[in-house]
Amino acid sequence: MIRLAIISVALGVSVMILAVMIVTGFKNQITQKVACFAAHIRINGFESNGSLEEIPISSQQNFLPDIKSLKGVQHVQAYAHKAGILKTATEFEGVVLKGTAADYDFNFLREHLVEGRIPNVKSSAPSLDVLVSANLSNKLNLKNGDSFLVYFLEKEKKIRKFRICGIYKTGLSEEFDNIYLFCDMRVIQKLNNWTPNQVAGFEIFTDDFQQADQINSEIYNITGYQFNSKTIREIYPQIFSWLELQNINVAIIIALMILVAGINMISTLLIIILENTLPIGILKALGAGNKSIRYIFLQVGFYIILRGLFWGNVIGLGICWLQSSFQLIKLPQESYYVSSVPVNFSITGLILINLLALVICLIMLILPSGLIGRISPAKVLQFN
């Protein structure tokens, strides 16, 4: 029974560790991918009102040094968007070009390059190279190095010929990969008849996304009344509402695992007490109080829980390490936005899981230990 109790606690803890680390890993992966397209915080003029036909602002803003010096701000970069229709010889598709300048952070896109290279936005002349998603290239039968036309339907129709310099794949197909192309900012400035110092706004990356709301409040106060700042939670609420729903799944799994482990601990302690009625009777006859005897059995329960926690952590962390190192469990990226089960090693989450399991299991052991007070030493010694 003791071995079964240890196994029960170990399996429960390992499942809780896997649930928390996989869900937090999944949320972190999706957040990083969304941030590639919109950063953690975005600043633009109030007049833009979320439209792709953006109102330009100056790239030389007085508040930029103050924002860069804020604690938690990692990187600030300019951006611009331009909607158009991509046309090949046989197909066409609505797309959004995202303008990138010399200050743009391409690290995330480099990690998700399928082939080719990043556009050279630091050249002396505007580059017509673009970065296209694998989904879009497959859909339109385009390869790296191919050229295509993009039509911009405005008061006067404009056409630009672009060349694919690289192909990326983030897995966020419907929301981003099927829409976004990355190009030189100067091309969009020229299409919009902007000056070289005009951009649509600024994107800000933070050291910790959990602090984005707090940093955004400070930025909102710094920028002034004519500018608006939003976090990606506010820009894409549907994605983050869906991610928050995953916390409900984790809470249910943790509650079920603790309940199962706790019931097994209660059963085990009841059996141990019933098997040791004679020693309990003898101890009572010798003058031992109910409290001291209950304390002995609670120590036994505590020992079982600790062993279960130890092996549960070994199993849970071991599986997480194997998955993180070798990506053993694959996922269809089209459905889950990631190609394998993601894992996030959280020390805080690990400590909370162990403390929660330990405290709740100990509390649940108080009930069966109360049976000791009902054991009569006279009856026990009489029948034994």
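Attention now goes to helix α13 (residues 347–369). Within an α-helix, residues lying three or four positions from one another point in the same direction, as the helix has 3.6 residues per turn. In this model α13 runs 33 Å from its N-terminal to its C-terminal C-alpha over 23 residues, within 8% of the 33 Å that 1.5 Å per residue would give. All of the buried residues along α13 are G349, L350, I353, N354, A357, L358, C361, M364, L365, P368 and S369. Buried residues in α13 make contact with α1 (2–38), α9 (237–275) and α11 (290–326).

Most of strand β12 (residues 227–231) is tucked away, with 4 of its 5 residues classed as buried. In this structure, strand β1 (residues 41–45) lies alongside β12, joined through 5 bridges in antiparallel fashion. Note that in β12 the partner of N44 across the bridge is N228.

What follows deals with the state of the cysteines. One covalent bond between the sulfur atoms of two cysteine residues makes up a disulfide. Counting across every chain of the model gives 0 disulfides. Unpaired in this structure, C36 has its nearest cysteine sulfur neighbour in C183, at a distance of 14 Å. Residue classification places C36 among the buried residues on the basis of a relative accessible area of 5%. Take C183: it sits in no disulfide, and the sulfur closest to it among the cysteines is that of C165, at 10 Å. In this structure C183 comes out as buried when scored by relative accessible area, which is 0%.

Tallied over the full model, the rule gives 1 cavity of 30 Å³ or more. For the largest cavity, the calculated volume is near 40 Å³. Taken together, the elements giving at least two residues each to the lining of the largest cavity come down to α1, α9 and α13. Top element by residues in the lining of the largest cavity is α1. It accounts for 4 residues. Residues of the lining of the largest cavity, tallied by class, amount to 8 nonpolar, 1 polar and no charged.

Time to look at the packing of helix α10 (residues 277–285) against α11. Relative to each other, α10 and α11 sit at 145°, their axes nearing to 10 Å. For the element pair α10 and α11, the recorded crossing hand is right-handed. Here I280, L283 and K284 of α10 come into contact with α11, specifically with N290, I293 and F297. Class assignment of the residues belonging to the contact of α10 with α11 gives a composition of 4 nonpolar, 1 polar and 1 charged.

Once that is clear, we can look at the side chain of E203. In this structure, E203 sits in strand β11 (residues 201–206). What makes E203 buried here is its relative accessible area of 0%. For E203, the side chain forms a polar contact with the side chain of K98, separated by 2.7 Å. Beyond its immediate sequence surroundings of up to four residues, E203 is in contact with F37, A38, A39, I41, R42, H75, V76, Q77, Y79, K98 and Y104.

Here we come to the nonpolar core. Core analysis: the largest hydrophobic core is formed by 41 residues, its most contacted members being L86, L97, F148, L181 and F202. Broken down by element, this core gets its largest block of residues, 6 residues, from strand β3 (residues 73–87). In contact with L97, not counting residues within four places along its chain, are A80, H81, K82, V150, F152, F162, L181, C183 and I188. I254, L269, I272 and L358 belong to the second largest nonpolar core, which has 34 residues in total.

A few words on the environment of L355. Among the structural elements, L355 can be located in helix α13. As for L355 and F37, which are separated by 318 residues in sequence, their C-alpha atoms are 38 Å apart.

Quick notes on the rules
In this numbering scheme, every chain counts its residues from 1 along its sequence in written order. Reporting in this predicted model follows two pLDDT cut-offs: at least 70 for local features of residues, and 80 or more for side-chain atom pairs to be given and counted; totals over whole chains, interfaces and linings ignore these cut-offs and use all residues. Neither water nor hydrogens contribute to the side-chain values; these are computed over all heavy atoms in the structure. Helix and strand assignments follow DSSP, with helices taken as H or I runs no shorter than four residues and strands as E runs no shorter than two, numbered in order from the N terminus. To estimate the expected span of a helix, count its residues, drop one, and scale the result by 1.5 Å. Whether a residue is buried, partly exposed or exposed follows from its accessible area with a 1.4 Å probe, protein chains only, as a fraction of its type maximum: under 20%, in between, or over 50%, in that order. In this analysis, two residues are considered to be in contact whenever any of their non-hydrogen atoms come within 4.5 Å of each other. Two strands qualify as a pair provided DSSP detects at least 2 bridges between them. Any cysteine sulfur atom paired with another within 2.5 Å is treated as part of a disulfide. Every definition here rests on a 1 Å grid over the protein atoms only: cavities are sets of points where a 1.4 Å probe fits but cannot get out, pockets are open sets enclosed by protein on both sides within 12 Å along at least five of seven lines, and lining residues have some atom within 4 Å of a point. Grid points are joined across faces, edges and corners, and a volume is the space filled by probe spheres set on the points. Each residue gets one label: Ala, Val, Leu, Ile, Met, Phe, Trp, Tyr, Cys and Pro are nonpolar, Asp, Glu, Lys and Arg are charged, and the others, such as Gly, are polar. Interaxial angle, 0 to 180 degrees, is taken between N-to-C directions of lines fitted to C-alpha atoms, where a helix line uses only the stretch in contact. Working rule for handedness: look at the near helix, and if it is turned counterclockwise from the far one by less than a right angle, call the crossing left-handed; if clockwise, right-handed. Any pair of N or O atoms that falls within 3.5 Å is considered a polar contact. Within protein, one atom must be able to donate a hydrogen and the other to accept it, and sequence-neighbouring residues count only if both atoms are side-chain atoms. Within this scheme, the nonpolar core is defined by two criteria: the residues are buried Ala, Val, Leu, Ile, Met, Phe, Trp, Tyr or Cys, and they are joined through side-chain atoms within 4.5 Å.

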